[in-house]
Amino acid sequence: RRVPICPIPFGIHSTFRHLEGGGLMKRWKKGVGEMIGYTIAILFLTIFYFIIMNALILNNAENVMEECVMNIGRQVVTCESLKDAQDRVQDVAEYYLPKETKVIDKSSIKATVTFAPGYKKDQRKWEKGKFIQVSVTADVHGFTQWFQKPKTVRAIYMIENGGSSS
């Protein structure tokens, strides 16, 4: 028996065969479920990607804020008084934070210096060896506006320069 040589490749022949008699529509209807499944999977993967990217952005912003608090704390412990420290802390935070990261809103930066928790009112004097708390609060914008939230970072330092009391 002799096999005829087909001039049309098999893939093209099978495609043309489905065009006859509405076969393409039957094939399309079978593939709709897969297309919907792929669309839903891509949607969830995209949402998951946004969540992961937002977590990375917020983590980076918090690390930058922690570095800022360390730099502020090093500068503040050598001040002569609590008033000098309070004047300096806001300027340093407003200078350092926007320079290091773009996801922190400059208008929302608030930096404070107070005596560490545990000191009674009559013990709050700026003296060498006492402890202060440096706090920085700022609004951090994540990957989208849904993830915007204020972050606060605090650190406690010991006063190194005993100046006048406040």
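These figures come from a predicted structure and were not determined experimentally. Going along each chain's sequence as written, the residues are numbered from 1 onward. Local features in this predicted model are restricted to residues of pLDDT 70 or higher, and side-chain atom pairs are both shown and tallied only at a pLDDT of 80 or more, whereas totals for entire chains, interfaces and linings draw on every residue. Neither water nor hydrogens contribute to the side-chain values; these are computed over all heavy atoms in the structure.

With respect to the overall build of the protein chain
Note the following rule: Under the scheme used here, helices are H or I runs from DSSP no shorter than 4 residues and strands are E runs no shorter than 2 residues, and both carry numbers assigned from the N terminus. To be clear on the numbers: accessible area is Shrake-Rupley with a 1.4 Å probe, and residue cover counts the displayed protein chains and nothing else.
The number of helices and strands found in the protein chain is three helices and three strands. Helices and strands appear in the protein chain in the N-to-C order α-α-α-β-β-β. For the protein chain, the accessible area works out to roughly 11,800 Å², and carbon and sulfur atoms hold 60% of it.

Looking at the sheet that holds strand β3 (residues 149-158)
Convention followed: Only when DSSP finds a minimum of two bridges between them are two strands counted as paired. For every element, the axis is a line fit to its C-alpha atoms; helices are fit only across the contacting stretch, and the angle between N-to-C directions ranges from 0 to 180 degrees. In this analysis, two residues are considered to be in contact whenever any of their non-hydrogen atoms come within 4.5 Å of each other.
Here three strands make up an open sheet; going across it, the order is β1-β2-β3 and the pairing antiparallel. What marks the edges here is a single partner per strand, and that holds for β1 (110-115) and β3. Each adjacent strand pair in this sheet contributes to an overall mean axis angle of 20 degrees, direction not counted. Taken together, the six bridges between β1 and strand β2 (residues 131-140) define a ladder with antiparallel strand orientation. Bridge pairing in β2 places T114 opposite Q133. Relative to β1, helix α3 (residues 82-100) is tilted by about 150 degrees, and along the sheet it contacts β1 and β2.

A short note on the confidence of the model for the protein chain
The cut-off we apply is this: The predictor rates its confidence in each residue with pLDDT, a number between 0 and 100.
Here the protein chain shows a mean pLDDT of 79. Residues at 70 or above account for 76%. Helix α1 (residues 10-19) is the least confidently modelled element of the protein chain, averaging 52 in pLDDT, while β1 averages 91, the highest of any element.

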